[in-house]
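Residue strings, one per chain:
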Amino acid sequence: MSRAAAVATVGGLSFDVVRVITSRDKGPVARWRGARALTGRQAPAGVVVLPIETCSAGGTMAATLDDRDGSLTLTTGDVLNVSFTACRETANAQADGSLSLAFGQLSAAPTLSLQAQVTMVQFTLSSLSSSRSVRYDGALRLTYAEPAVDTTVSELLVGGADTLTMAVTHPLYTDTVTLRPGFAAAQYGFPPGPAGPNSLRTRYEINGQVASKAAGGWVSVFSTVHLWQYVDVETHPSSGMIQVNGELGRVMLTVESAHDVRVDLDTDAGTIASKLVPWDELV
């Protein structure tokens, strides 16, 4: 369950879906907020078929906008359906599959903020430099805000009637991790980081129930001490703690550095063990 907890916190979810959705000038929200200026084909029931977009480093994004207020632009109450085909916004990451965004709130001024129900169908994020990939199926609520130009707040919540599964492929293992109803995670990014005034320091919080197919069960996971990461220079968080509570005992993950995590096991049967594990073996 250590892997499932790490995947749920930063390894699988990792807020990569949030970055895909909200990325300035690249994400679907930024690209299609100006749909009025596009010459889409008007279909019945207010559905606008938007032109296929080429992703920055290859591949495509295709979208339809359920324009419920007839404004021919992306506004609160609309539903944006996006499909990705080998879409690469960087040289190392690729998106495939589809997601749907039903907007309960959306504003671009003075900075971007939104709340949306996000539904994913075989939405897959893959690394092109390794065999790592995560396929998402299910739904969650995303709340995103930029309180300042250089500050971001992302909050994810799996609703009471929802679940989200992440099929994880890793060089050392495969697993299906399920975030159960009520699972919540948050990420706060703000300056200054170590790489200058435009770099960020990020704080992660997590609380909820996580199931792992490989482990054959579910556990409660929460961050007893927030995880911290300098996103410009660190691949993984370099400090923080995650507690995993199950029927048979407790596991504590203590982040020793951006390279290693200490895993402490304390079972109801009295078994106590401690092991230092590289982040790359977990996520």
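As a reminder, the structure under discussion sits directly above these lines.
Residues numbered from 1 in each chain as written. Predicted model: local features only at pLDDT ≥ 70, side-chain atom pairs only at ≥ 80, totals over all residues. Heavy atoms only, no water.

Asker: What is the right way to look at the packing of aromatic side chains in this model?
Answerer: Both the distance between ring centres and the angle between the ring planes are used here to describe each pair of aromatic rings. Enumeration according to the criterion identifies three aromatic pairs in this entry. Between Phe190 and Trp228, the ring centres sit 6.0 Å apart and the planes meet at 85°, which makes this aromatic pair edge-to-face. Pair noted here: Phe190 is in strand E11 (residues 184-190) and Trp228 is in strand E13 (residues 217-230), with a separation of 38 residues, a long-range link. The cationic tip of Arg201 hangs over the ring face of Trp228; the distance from NZ or CZ to the ring centre is 4.0 Å. Above the face of the Tyr188 ring, Arg203 is positioned so that its terminal group lies 4.3 Å from the ring centre. (Phe/Tyr/Trp six-rings, centres within 6.5 Å; stacked < 30°, edge-to-face > 60°. Helix = DSSP H or I, 4+ residues; strand = E, 2+ residues; numbered from the N terminus. Lys NZ or Arg CZ within 6 Å of the ring centre and 35° of its normal.)

Asker: Where do I start with the environment of Glu205 in this structure?
Answerer: With respect to the helices and strands, Glu205 occurs in strand E12 (residues 201-212). Residue Glu205 is classed as partly exposed on the basis of its relative accessible area, which comes to 22%. Separated by 17 residues in the primary sequence, Glu205 and Tyr188 place their C-alpha atoms 8.7 Å from one another. Contact partners of Glu205, with chain neighbours within four places excluded, come to Ala184, Ala185, Ala186, Tyr188, Ser223 and His226. Among the polar contacts listed, one links the side chain of Glu205 to the side chain of Arg203, at a separation of 3.3 Å. (Buried < 20%, exposed > 50% of the residue type's maximum accessible area, 1.4 Å probe, protein only. Contact = heavy atoms within 4.5 Å. Polar contact = N/O pair within 3.5 Å; in protein donor to acceptor, adjacent residues only side chain to side chain.)

Asker: Please explain the state of the cysteines as it appears in this structure.
Answerer: In the structure shown here, the tally under the stated rule is one disulfide. What pairs with Cys55 in a disulfide is Cys87, and their sulfur atoms sit 2.0 Å apart. Classification of the bridge connecting Cys55 and Cys87 rests on its S-S torsion, roughly -110°, and on that basis the disulfide is left-handed. With Cys55 in the loop between strand E2 (47-54) and strand E3 (60-66) and Cys87 in strand E4 (residues 79-87), this pair connects stretches of sequence that are 32 residues apart. (Disulfide = S-S within 2.5 Å.)

Asker: What is the right way to look at the pattern of salt bridges in this model?
Answerer: Pairing between side chains of opposite charge can happen when their charged atoms approach one another. Under the defined criterion, the tally for this structure stands at seven salt bridges. A salt bridge links Asp66 to Arg68, with the shortest nitrogen-to-oxygen separation between them at 3.1 Å. A relative accessible area of 18% means that Asp66 is categorised as buried. Its salt-bridge partner being Arg262, residue Asp264 comes within 2.9 Å of it at the nearest N-O pair. With relative accessibility at 29%, the residue Arg262 sits in the partly exposed group. Each of the salt bridges in this network shares a partner with another, and the network as a whole consists of Glu256, Arg262 and Asp264. (Salt bridge = Lys/Arg side-chain N within 4 Å of Asp/Glu carboxyl O.)

Asker: How should unusual backbone geometry be read in this particular structure?
Answerer: In most cases, non-glycine residues show a negative phi, while peptide bonds are predominantly trans. Phi is positive for Ala86, which is not a glycine, with a value near 45°. Following the sequence through the fold, Ala86 ends up in strand E4. The backbone of Gln122 sits at a positive phi, close to 50°, despite the residue not being glycine. Looking at the secondary structure, you find Gln122 in strand E6 (residues 113-127).

Asker: How do you make sense of the environment of Leu248 when you look at a structure like this?
Answerer: With respect to the helices and strands, Leu248 occurs in the loop between strand E14 (239-246) and strand E15 (249-255). For the pair Leu248 and Val233, spaced 15 residues apart in sequence, the C-alpha to C-alpha distance is 38 Å. Residues in contact with Leu248, not counting those within four places in the same chain, are Thr267 and Asp268.

Asker: Explanation requested: the pairing of E11 in the structure shown.
Answerer: Side-chain positions along a regular strand alternate between the two faces of the sheet. Counting buried positions along E11 yields five of seven residues, so the element is predominantly enclosed. Across six bridges, the pairing between strand E8 (residues 151-157) and E11 is antiparallel. When the sheet's bridge partners are listed, Leu156 is paired in E11 with Ala185. (Pairing = 2+ DSSP bridges.)

Asker: How should the pairing of strand E16 (residues 260-267) be read in this particular structure?
Answerer: Bridging between E15 and E16 involves seven bridges; their strand directions are antiparallel. Bridge pairing links Leu253 to Val263 in E16. Linkage of E15 to E16, two consecutive antiparallel strands, is achieved through a turn of four residues. With seven bridges joining them, E16 and strand E17 (residues 272-278) adopt antiparallel strand pairing. Along E17, the bridge assignment pairs Val263 with Lys275.

Just geometry here; none of it tells us what the structure is for.
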